[in-house]
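Reading the structure
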Amino acid sequence: MPISKIEAKQLLHRLIFEDASPEDWVQDVWGLSPILGDSAAKLLEVFEALIECCPEEKLENLLQTFYQESLE
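What you see is a predicted model; the values in this text were computed from it and never measured.

On to unusual backbone geometry, then. The phi dihedral of E18 is positive, around 55 degrees, even though this residue is not glycine. Secondary-structure assignment places E18 in the loop between helix 1 (5-17) and helix 2 (22-32).

What follows is about the nonpolar core. Counting 13 residues, the largest nonpolar core has A8, L12, L44, F47, I51, L59 and L63 as the members making the most contacts within it. Broken down by secondary-structure element, the contributors of at least two residues to this core are helix 1, helix 2, helix 3 (34-53) and helix 4 (56-71). Setting aside chain neighbours within four positions, we find I51 in contact with K5, K9, L12 and L59.

Next up on the list: the pattern of salt bridges. Should the charged atoms of two oppositely charged side chains come close, the side chains can pair. Tallied over the entire structure, the rule returns 2 salt bridges. Linking E48 and K9 is a salt bridge whose minimum nitrogen-to-oxygen distance equals 2.7 Å. You can see E48 sitting in helix 3 and its partner K9 sitting in helix 1, a full 39 residues away along the chain. When its relative accessible area of 19% is taken as the criterion, E48 is described as buried. On the basis of relative accessible area, K9 is assigned to the partly exposed category, the value being 25%. One salt bridge connects K42 with D38, and the closest N-O pair in it is separated by 3.2 Å. Residue K42 and its partner D38 are both found in helix 3; the two are separated by 4 residues, about one turn of the helix. We classify D38 as partly exposed; its relative accessible area is 32%.

Attention shifts here to the environment of W25. Structurally, the position occupied by W25 is in helix 2. W25 gets classed as partly exposed once you look at its relative accessible area, which sits at 28%. Spatially, the C-alpha atom of W25 lies 9.1 Å from that of G37, the residues being 12 residues apart in sequence. Not counting residues within four places of it along the chain, the set of residues in contact with W25 comprises F17, A40 and L43.

The geometry of helix 1 relative to helix 3 is characterised by a closest axis approach of 10 Å and an angle of 150 degrees between their N-to-C directions. Accordingly, the angle class assigned to the pair helix 1 and helix 3 is roughly antiparallel. Between helix 1 and helix 3 lies a crossing whose hand is right-handed. Within the contact between the two elements, helix 1 uses K5, K9, L12, H13, I16 and F17 and helix 3 uses L44, F47, E48, I51, E52 and C53. Among the residues forming the contact of helix 1 with helix 3, the class breakdown is 7 nonpolar, 1 polar and 4 charged.

Conventions used here
Sequence order sets the numbering: in each chain, residues are counted from 1 along the sequence as written. Per-residue local features of the predicted model are confined to residues with pLDDT of at least 70, and side-chain atom pairs are confined, for both listing and counting, to 80 or more; whole-chain, interface and lining totals are unaffected and use all residues. Hydrogens and water are ignored here; the side-chain numbers use all heavy atoms of the structure. Numbered from the N terminus, helices here are DSSP runs of H or I no shorter than four residues, and strands are runs of E no shorter than two. Residues belong to one nonpolar core when they are buried, are Ala, Val, Leu, Ile, Met, Phe, Trp, Tyr or Cys, and are joined through side-chain atoms within 4.5 Å. Under the scheme applied here, a residue whose accessible area is under 20% of the maximum for its type counts as buried, over 50% as exposed, and between as partly exposed, the area being computed with a 1.4 Å probe on protein chains only. In this analysis, two residues are considered to be in contact whenever any of their non-hydrogen atoms come within 4.5 Å of each other. One side-chain nitrogen of Lys or Arg within 4 Å of one carboxyl oxygen of Asp or Glu is enough to make a salt bridge. Working convention: axes come from line fits to C-alpha atoms, limited for helices to the stretch in contact. Angles between N-to-C directions cover 0 to 180 degrees. Relative orientations are named as follows: roughly parallel for angles under 35 degrees, roughly antiparallel for angles over 145 degrees, roughly perpendicular for angles from 65 to 115 degrees, and oblique for any other angle. It is the rotation of the near helix from the far one that decides the hand of a crossing: anticlockwise by less than a right angle makes it left-handed, clockwise makes it right-handed. Polarity classes work like this: nonpolar for Ala, Val, Leu, Ile, Met, Phe, Trp, Tyr, Cys and Pro, charged for Asp, Glu, Lys and Arg, and polar for all others, with Gly in that last group.

Set out below in structure tokens:
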């Protein structure tokens, strides 16, 4: 059974940001460097938009690839 976009988004968040929320990650980066923080905020915005426009099947394939690579 394919996973939903919501599930894919949650799994990608965990894979990328681990236990932190994406917004907390942006704030942490911003605290280190405002220039990098601005880039981090833009990166998060693009990440969210890509998830929304990507078909569920492609998100699932992407997740399978990343999880398979993390097991190797």
